[in-house]
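Chains, contacts and geometry: an overview
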Amino acid sequence: MSQVIELFLEFGLLSFVAFGGATALLPEMHRVVVDNHHWLNDTTFTHLYAIAQAAPGPNVLVVTLIGWEVGGFFGALASTLAMCLPMSILIYLLIDRWESFSGKRWQKAVSLGVAPLAVGLIFSGASLIGLSAGFGVGGWATITLVLAISLRWRSLHPLWLIAAGAVAGLAGLI
Amino acid sequence: MLVDERQWMTADEFNAQLGLCQFLPGPNVVNLAVVVGKRYQGVAGAIVSGVGLLAGPFVIVLLLAMLYDHYGSLAAVQSMLRGIAAVGCGLLFGMAWRMGAAIKDKPAFLPFTILTIAGIAWLRWPMPLVMLGGLALSGGVAYWKLGRQ
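Residues numbered from 1 in each chain as written. Chains lettered and ligands numbered in written order. Predicted model: local features only at pLDDT ≥ 70, side-chain atom pairs only at ≥ 80, totals over all residues. Heavy atoms only, no water.

1. Focus on the overall build of chain B
Filter applied, for reference: The helix count covers DSSP runs of H or I at least four residues long, the strand count covers runs of E at least two residues long, and both are numbered beginning at the N terminus. A 1.4 Å probe rolled over the protein chains alone gives each residue an accessible area, and that area as a share of the maximum for its type sets the label: buried under 20%, exposed over 50%, partly exposed in between. Computed by Shrake-Rupley with a 1.4 Å probe, the accessible areas treat only the displayed protein chains as cover when residues are assessed. Asp and Glu count as negative and Lys and Arg as positive, but His and the ends of the chain are not part of the count. Every charge is mapped onto a representative atom, which is NZ of Lys, CZ of Arg, CG of Asp or CD of Glu.
Of regular secondary structure, chain B possesses five helices and zero strands. Taken from N to C terminus, the helices and strands of chain B fall in the order α-α-α-α-α. With respect to the principal axes defined by its C-alpha atoms, chain B has extents near 60 × 45 × 25 Å. Put simply, chain B has 149 residues, and 44% of those count as buried. Of the accessible surface of chain B, which amounts to about 8000 Å², a share of 69% is contributed by carbon and sulfur atoms. Averaged over its 10 positive side-chain charges, chain B has a centre that lies 12 Å from the centre of its 6 negative ones.

2. Some remarks on a nonpolar patch on the surface
Residues and elements named next belong to chain A. Cut-off, in case you're wondering: In this analysis, a patch consists of residues with relative accessible area above 30% that form no salt bridge, clustered at 9 Å for like charges and at 5 Å for the nonpolar side chains Val, Leu, Ile, Met, Phe, Trp and Tyr. Each reported salt bridge corresponds to a side-chain nitrogen of Lys or Arg within 4 Å of a carboxyl oxygen of Asp or Glu.
Taken together, the side chains of Met1, Ile5, Phe8, Leu9, Phe73, Phe74, Leu77, Leu81, Leu85, Ile89 and Leu93 make up a nonpolar region of the molecular surface, amounting to roughly 1100 Å² of accessible area. Among the elements of the structure, helix 1 (2-15) and helix 4 (62-94) are those that each provide at least two residues to the nonpolar patch. The leading source of residues in the nonpolar patch is helix 4, at seven residues. Secondary-structure assignment places isoleucine 5 in helix 1. In this structure isoleucine 5 comes out as partly exposed when scored by relative accessible area, which is 47%.

3. Remarks on the interface of chain B and chain A
This is how the line gets drawn: Here a residue-residue contact requires only that any non-hydrogen atoms of the pair lie within 4.5 Å. What gets called buried area is simply the loss in accessible area from a 1.4 Å probe that two parts show on being joined, summed for both. N or O atoms closer than or at 3.5 Å make up a polar contact, with two conditions inside protein: a donor-capable atom paired with an acceptor-capable one, and, for residues adjacent in sequence, both atoms drawn from side chains. Each residue receives one of three labels: charged for Asp, Glu, Lys and Arg, nonpolar for Ala, Val, Leu, Ile, Met, Phe, Trp, Tyr, Cys and Pro, and polar for the others, Gly being one of them.
Counting residues at the interface gives 76 residues for chain B and 96 residues for chain A. Of the roughly 7900 Å² buried where chain B meets chain A, counting both sides, 80% is carbon and sulfur surface. On the surface where chain B and chain A come into contact, there are two salt bridges. Between chain B and chain A we count 15 residue pairs in polar contact (both at pLDDT 80 or more) in total. Those elements that place two or more of their residues in the side of chain B that touches chain A are helix 1 (11-23), helix 2 (28-71), helix 3 (75-101), helix 4 (106-122) and helix 5 (127-148) of chain B. By residue number, the principal contributor to the side of chain B that touches chain A is helix 3 of chain B, which donates 24 residues. Here the residues of the side of chain B that touches chain A are counted per class, giving 54 nonpolar, 17 polar and five charged.

4. Points about the packing of aromatic side chains
Test applied: Working definition: rings of Phe, Tyr and Trp (its six-membered ring) pair if their centres are within 6.5 Å, and the pair is stacked with planes under 30 degrees apart, edge-to-face with planes over 60 apart, and tilted otherwise. Two thresholds decide whether a charge sits over a ring: the Lys NZ or Arg CZ must be within 6 Å of the ring centre and within 35 degrees of the ring normal.
Considering all chains together, one arrives at five aromatic pairs over all chains under this definition. Relative to Phe74(A), the ring of Phe73(A) has its centre 5.6 Å away and its plane inclined at 75°; by these criteria the two rings are edge-to-face. By relative accessible area, which is 54% here, Phe74(A) ends up exposed. Ring geometry for Phe135(A) versus Trp140(A): centroids 6.4 Å apart, planes at 90°, classification edge-to-face. Phe135(A) gets classed as buried once you look at its relative accessible area, which sits at 8%. Of the residues examined, Trp140(A) reaches a relative accessible area of 31% and is grouped as partly exposed. Here the aromatic residues Phe73(A), Phe74(A) and Phe58(B) are joined through ring pairs into a cluster of three or more. Across the ring face of Tyr143(B), the terminal group of Arg105(A) is positioned such that the distance to the ring centre comes to 3.8 Å. Between Arg152(A) and the ring centre of Trp153(A), over which it is positioned, the NZ or CZ distance is 5.0 Å.

Set out below in structure tokens:
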């Protein structure tokens with residue numbers, strides 16, 4: 001039970017810095033869950049990320065999977081609520097005043113200032129997934145290929161690439 | 001769906017509110033659901049739309065987690081997940097690339113991207129600290145630049 005509470009507090013704190021959504025939190029979730037608390041190992045973390053990628057629904061659900069592996073059903077519920085609830089409440093209270101913030105100099109400054117940080121977070125998340133999966137040549141070749149394809153054909157649905165990745169993995173190429 | 005099918009809001013309203021949801025931290029879609037829900041039904045609407053958005057995927061993901069607990073140790077499942085993780089990783093690099101390319105003033109702001117990567121991926125500093133420090137610096141530069149225009 002104490003683990004569930006700890007999970008709730010850790011993820012609740014993280015939800016306030018999740019600029020760029022749950023994806024931007026991958027490196028920090030890895031730090032908290034794998035490095036600090038040793039709740040999961042590198043391999044399981046990578047697997048959970050893969051499952052969340054393949055599953056339908058918003059990508060915040062990787063948090064649900066981590067919660068499940070750490071603390072069962074209540075872990076899953078606690079981590080999901082911790083991630084969604086604080087900002088939901090805040091946004092509920094703020095939305096009516098949004099008109100008066102919108103276009104102010106400080107609001108523009110935060111929007112502009114946060115973008116380069118979000119890019120750094122997502123890049124870090126990608127590197128950490130790559131490193132903790134311990135990919136060899138096949139893995140990094142796949143990553144490069146997917147990067148090239150996703151930049152060249154932007155309208156391609158990622159599910160096609162994910163399915164291809166699953167097949168390539170099964171074939172022992174990655 | 002909200003704009004085209006039901007006409008619950010105009011495209012402009014949708015974009016303005018999506019802008020707010022992307023500006024604030026947290027899962028964008030959940031934030032947006034709360035905003036739209038509140039607009040129509042107050043507290044009840046906000047709760048229903050937030051829960052409604054997440055409940056189905058939540059159940060699916062738990063079923064997948066149970067399957068993983070049973071079959072995750074099989075070699076075939078592990079190599080399949082490895083393949084998916086590699087693709088996911090490539091997609092993340094692609095997302096970072098596109099977001100980076102969309103930054104207008106690159107010489108002023110890309111250094112903060114590099115500092116974030118150094119702090120998070122290399123030095124493994126706690127993210128709340130990196131974000132607060134980074135936002136103070138990067139937001140400060142943006143504030144100063146906005147004042148000069």
